[in-house]
Each structure stands twice: as structure tokens, then as C-alpha cells.
Amino acid sequence: MAERVRLCETNQEREHFDKLADLYSIIVAIERVETAYVRSKMAEEDYVKQCKMLLSKYQSLYQVLEGSIGSLAAFLAEYRSSYPTAVARIKKGVPLGGNTQEASSGQDILEAGQYMITFVDTLKMGQVSADALQPILIDIVTTVGKLFPDLLELEPVRNWLRIVNEMKAAEELNPDQARQAQFDIEACYGAFSRKLAAR
């Protein structure tokens, strides 16, 4: 009979892990609220109310946990998670509040992250033809370039767009190219997330 593994030896440890779980769930909730708002699926009044409440809860919990988890970036890295829109909002500390320019920036952040994830997923599904990859690469270069035009890790992505542009629609990346393209996009996504966290 397998022996049960105890994650917590004391009530204090259990409370600590509960707080970590609460902090993580708040970050996820902020990401979802931001996504809903920039997609016009949540009224501004509801968004501001929810966002203020979540940011307040985050700040209260983070002050308690900061000594054990370090920075927000370190906390997310430990759990291999990335919520760039939530990180950007937490850094600002206040809801969008109807600022059109900032709302546009929030939309760009959300879309840029989604395009990079979509590209990697497309490669993993074996869709490596030029006509499958070109539109996504254009979206990545456009949105990330708009936010961070000098991002060093974006240059290899621009190069992949140049390569794909020279291919016929049905031509495909070979396995080595697909692997390198995935590596370059993931590196760009990591640098993109770090830039947002440093804002």
C-alpha cells in the first residue's frame, strides 16, 4: 500500500500554502478580467469595480508573502506561469479607468501573447507550411514591434517572416527549422513577458 505524502507538517505551513494558492488565483482572475474588458465583454463600471477589488487583495496578500516569494516575476517563474496582462496591470496598480490609449495598449499586450502561443501550438500540431505560419508571424512582428520595437529577441522572428515570405505557400519548414523557429518564438515570448514585468 502506497504511503500518503504529507505536503504540510504544521498548520502554519498549510496556511502558507493556502495563501500562495490565493495569490495565484488572484493573478489569474486579474488576467481574465483584463481580457474580458479589452474584448468589450465587460462593462467599464464592472471592470473597474472588479479590478480594484482584485488589486487590493493582491497587495494585501503580497505584503504578507513578499519575504518568502520574492518578486512577482520570481513567483510566476517558480510555477512556470505567465500572465503578462495581469502583470502589467499589477505594475500599474490601478484599473484602466477608460483611458483609451492604455486600453489599446492592453489589447496589444493580450494579442501579442496570444499570437506567440498560437504560433508554437501550430508548430506542435505539425502545421509548418508557409501559408499556415506567415499570417501568425505577421501578427507577432506587428504587435510586439508596436509595443517594444527595440526588443532584441524580436529580430529572429522578423528573420523567420522574411524566410517564410520567400517560400511558396505549400512549402514547409524542415524539422530543424521548425525546432529553431519554436525556440526563437519562445525566447521572444520570455523577453516580452520580462519587459512587461519591468514596466
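Because the structure is predicted, anything quoted here is derived from the model rather than measured.

S.K.: Describe the overall build of the chain, naming the residues involved and giving the relevant values.
M.R.: Broken down by element type, the chain carries eight helices and zero strands. N-terminal to C-terminal, the α/β element order of the chain is α-α-α-α-α-α-α-α. With the principal axes as the frame, the chain shows a C-alpha extent of 60 × 55 × 30 Å. The buried share of the chain, reckoned over its 199 residues, is 42%. Expressed as a percentage of contacts within the chain between residues at least 6 apart in sequence, the contacts between residues at least 24 apart total 73%. Working note: accessible area of the chain is about 11,800 Å², and carbon and sulfur atoms make up 51% of it.

S.K.: If you had to explain the packing of aromatic side chains to someone new, which residues and values would you point to?
M.R.: What the rule picks out here adds up to seven aromatic pairs. When the centroid spacing of 5.5 Å and the interplanar angle of 10° are considered together, the rings of Tyr58 and Tyr62 count as stacked. Here Tyr58 pairs with Tyr62, and both are found in helix α2 (residues 44–69), just four residues apart, close to one helical turn. Given a relative accessible area of 3%, Tyr58 falls into the buried group. On the basis of relative accessibility, which here comes to 14%, the residue Tyr62 falls in the buried class.

S.K.: Give me the lowdown on the nonpolar core, citing residues and values where you can.
M.R.: Counting residues in each nonpolar core, the largest one holds 33 residues, and the members touching the most others are Phe119, Leu137, Val144 and Phe192. Among the secondary structure elements, those contributing two or more residues to this core are α5 (100–124), α6 (130–147), α7 (155–165) and α8 (175–197).

S.K.: Describe the packing of α6 against α7, naming the residues involved and giving the relevant values.
M.R.: Across the interface, α6 lies against α7 with an axial gap of 9 Å and an inter-helix angle of 145°. Here α6 and α7 pass one another in a crossing that is left-handed. Residue-level inspection shows Ala130, Gln134, Leu137, Ile138, Ile140, Val141 and Gly145 of α6 in contact with α7, the latter providing Val157, Arg158, Trp160, Leu161, Val164 and Asn165. When grouped by side-chain class, the residues that make up the contact of α6 with α7 number nine nonpolar, three polar and one charged.

S.K.: Before we move on, could you go through helix α1 (residues 11–38) and cite the residues and values that matter?
M.R.: Helix length check: α1, at 28 residues, gives a terminal C-alpha distance of 41 Å against a target of 40 Å (1.5 Å per residue), a fit within 8%. One or two positions beyond α1, positive phi appears at Ser40, with a value near 60°.

S.K.: Can you break down unusual backbone geometry residue by residue, with the values?
M.R.: Backbone geometry places Arg80, a non-glycine residue, at a positive phi of 50°. Tracing the backbone shows Arg80 in the loop between α3 (72–78) and α4 (84–92).

S.K.: Before we move on, could you go through α7 and cite the residues and values that matter?
M.R.: Along α7, the residues classified as buried are Val157, Trp160, Leu161 and Val164. Each buried residue of α7 lies within a common arc of 100° when the element is viewed along its axis, so the set occupies one face. Residues of α7 that are buried sit in contact with α6 and α8.

S.K.: If you had to explain the packing of α6 against α8 to someone new, which residues and values would you point to?
M.R.: Their axes nearest at 12 Å, the elements α6 and α8 cross at an angle of 25°. It follows that α6 is roughly parallel to α8 by the angle criterion. Crossing hand, α6 versus α8: left-handed. Between α6, through Leu137, Ile140, Val144 and Leu147, and α8, the contact on the second element is made entirely by Ile185, Cys188 and Phe192. Residue composition of the contact of α6 with α8, grouped by class: seven nonpolar, no polar and no charged.

S.K.: Could you give an account of the pattern of salt bridges, with specific residues and numbers?
M.R.: Taken as a whole, this structure holds four salt bridges when the rule is applied. Between Asp108 and Lys146 there is a salt bridge, and its shortest N-O distance comes to 3.1 Å. You can see Asp108 sitting in helix α5 and its partner Lys146 sitting in helix α6, a full 38 residues away along the chain. One salt bridge in this structure joins Arg162 and Glu155, with 3.0 Å as the shortest N-O distance. Bridged by salt links that share partners, the residues Glu155, Arg158 and Arg162 form one connected network.

Conventions used here
Residues numbered from 1 in each chain as written. Predicted model: local features only at pLDDT ≥ 70, side-chain atom pairs only at ≥ 80, totals over all residues. Heavy atoms only, no water. Helix = DSSP H or I, 4+ residues; strand = E, 2+ residues; numbered from the N terminus. Buried < 20%, exposed > 50% of the residue type's maximum accessible area, 1.4 Å probe, protein only. Contact = heavy atoms within 4.5 Å. Areas by Shrake-Rupley, 256 points an atom, 1.4 Å probe, with all protein chains shown as cover. Phe/Tyr/Trp six-rings, centres within 6.5 Å; stacked < 30°, edge-to-face > 60°. Core = buried A, V, L, I, M, F, W, Y, C linked by side-chain atoms within 4.5 Å. Axes fitted to C-alpha atoms, helices over the stretch in contact; angles between N-to-C directions. Left-handed = near helix turned anticlockwise from the far one by under 90°. Nonpolar A, V, L, I, M, F, W, Y, C, P; charged D, E, K, R; others polar. Expected span 1.5 Å × (residues − 1). Arc of directions from axis to C-beta. Parallel < 35°, antiparallel > 145°, perpendicular 65-115°, else oblique. Salt bridge = Lys/Arg side-chain N within 4 Å of Asp/Glu carboxyl O.

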